[in-house]
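Here are the chains, one letter per residue:
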Amino acid sequence: MSASYPPPPAYEDVNKKSANKGSNSKWQAWYRTLMTLEFNQDEATEYAKLFVTNEVEMNMIPELNDDLLKSIGIEKAGHRIRILRLQKKSPPSTPVTTPALSDVTIPRCSWHPNVAANEKCRKCNRLVCLNCRRVKSYDGYVRYYCQNCYDDCTIL
């Protein structure tokens, strides 16, 4: 008894499968992302297929707009709005750099070098912290002085 084997697949079928291997990971990425937007499985499958077919990649999310989504076949306005919300969730395209702590200059108190200064003495312009500042008010104006200048000042 001879075993019957199915005929080999056509060249086009083999070529399609190998081409789809790269797009399969793209499809999966789109599918997972769309599922986080609470699309059902059928919608997520359909839309992921549309994105992969139209060669829209994940890094293109910031460039998506309503007209583009319509043109690739996403007809429902609510679904387009949900997809456009990905723009708020996607990280910024240019990395945000924060200055190193050593690059930031913080004014320091003249008497306490480890404490940040909050005010400047009105008379001698020394920087003072909350513990060192002395307050005098005159006609509704508040003026700050350092501990050395406070006793010397007399508001007439």
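Scroll up a little and you will see the structure.
Residues numbered from 1 in each chain as written. Predicted model: local features only at pLDDT ≥ 70, side-chain atom pairs only at ≥ 80, totals over all residues. Heavy atoms only, no water.

## Regarding the side chain of His79
Then step 1. In this fold, His79 is placed in helix 4 (residues 77-84).
Then step 2. Within the structure, the side chain of His79 is placed 2.6 Å from the side chain of Tyr47, a separation counted as a polar contact.
Then step 3. The residues contacting His79, other than those within four sequence positions of it, are Phe39, Glu43, Tyr47 and Ile74. (Helix = DSSP H or I, 4+ residues; strand = E, 2+ residues; numbered from the N terminus. Polar contact = N/O pair within 3.5 Å; in protein donor to acceptor, adjacent residues only side chain to side chain. Contact = heavy atoms within 4.5 Å.)

## Here's the deal with the nonpolar core
Side chains of a nonpolar character, in soluble globular proteins, are inclined to be buried together.
Then step 1. In terms of nonpolar packing, the biggest core is built from 19 residues, with Trp30, Leu34, Tyr47, Phe51, Ile74 and Ile83 touching the most fellow members.
Then step 2. With sequence-adjacent residues up to four places away left out, Ile83 is seen in contact with Leu34, Leu37, Phe39, Tyr47, Phe51, Leu64, Leu69 and Ile74.
Then step 3. Core analysis: the second largest hydrophobic core is formed by eight residues, Cys121, Val128, Cys132 and Cys149 among them. (Core = buried A, V, L, I, M, F, W, Y, C linked by side-chain atoms within 4.5 Å. Buried < 20%, exposed > 50% of the residue type's maximum accessible area, 1.4 Å probe, protein only.)

## Topic: the pattern of salt bridges
Then step 1. By the definition in use, this model includes three salt bridges.
Then step 2. Between Asp66 and Arg80 there is a salt bridge; the shortest N-O distance is 2.6 Å. Of the two residues, Asp66 sits in helix 3 (residues 66-72) while Arg80 sits in helix 4, which places them 14 residues apart along the sequence.
Then step 3. The residue Glu119 makes a salt bridge to Arg133 at a minimum N-O spacing of 3.2 Å. Here Arg133 lies in the loop between strand 2 (127-128) and strand 3 (134-138) and Glu119 lies in strand 1 (residues 119-120), a separation of 14 residues in the sequence.
Then step 4. For Glu119, a relative accessible area of 23% corresponds to the partly exposed category.
Then step 5. Overall, Arg133 belongs to the partly exposed group, its relative accessible area being 24%. (Salt bridge = Lys/Arg side-chain N within 4 Å of Asp/Glu carboxyl O.)

## With respect to the side chain of Arg80
Then step 1. Using a relative accessible area of 7% as the deciding quantity, one classes Arg80 as buried.
Then step 2. Every residue in contact with Arg80, bar those within four places of it in the chain, is listed here: Asp66, Leu69, Lys70, Ile74 and Glu75.

## Remarks on the packing of aromatic side chains
Then step 1. In the structure shown here, the tally under the stated rule is three aromatic pairs.
Then step 2. Taken together, a centroid distance of 5.0 Å and an interplanar angle of 15° make the contact between Trp27 and Tyr31 stacked. A residue pair is termed a helical-turn pair when its members lie 3 or 4 positions apart in one helix, as Trp27 and Tyr31 do in helix 1 (residues 11-36) at four residues.
Then step 3. On the basis of relative accessibility, which here comes to 24%, the residue Trp27 falls in the partly exposed class.
Then step 4. An angle of 85° between the planes, with centres 5.4 Å apart, marks the rings of Phe39 and Tyr47 as edge-to-face. Neither residue differs from the other here; Phe39 and Tyr47 are each classed as buried. (Phe/Tyr/Trp six-rings, centres within 6.5 Å; stacked < 30°, edge-to-face > 60°.)

## Thoughts on the pairing of strand 4 (residues 141-145)
For a regular strand, the rule is simple: side chains alternate between the two faces of the sheet.
Then step 1. Sheet topology places strand 3 next to strand 4; five bridges connect them, and they run antiparallel. For Tyr138, the partnering residue across the bridge sits in strand 4 and is Tyr141.
Then step 2. Counting the residues in the hairpin turn of strand 3 and strand 4 gives two residues, including Asp139, whose phi is positive at 50°. (Pairing = 2+ DSSP bridges.)

## Quick notes on the environment of Gln41
Then step 1. On the secondary structure map, Gln41 appears in helix 2 (residues 41-53).
Then step 2. Put simply, Gln41 and Tyr31 are ten residues apart on the chain and 8.5 Å apart in space, counted from C-alpha to C-alpha.
Then step 3. Among all residues touching Gln41, those that are not within four sequence positions of it are Tyr31 and Met35.

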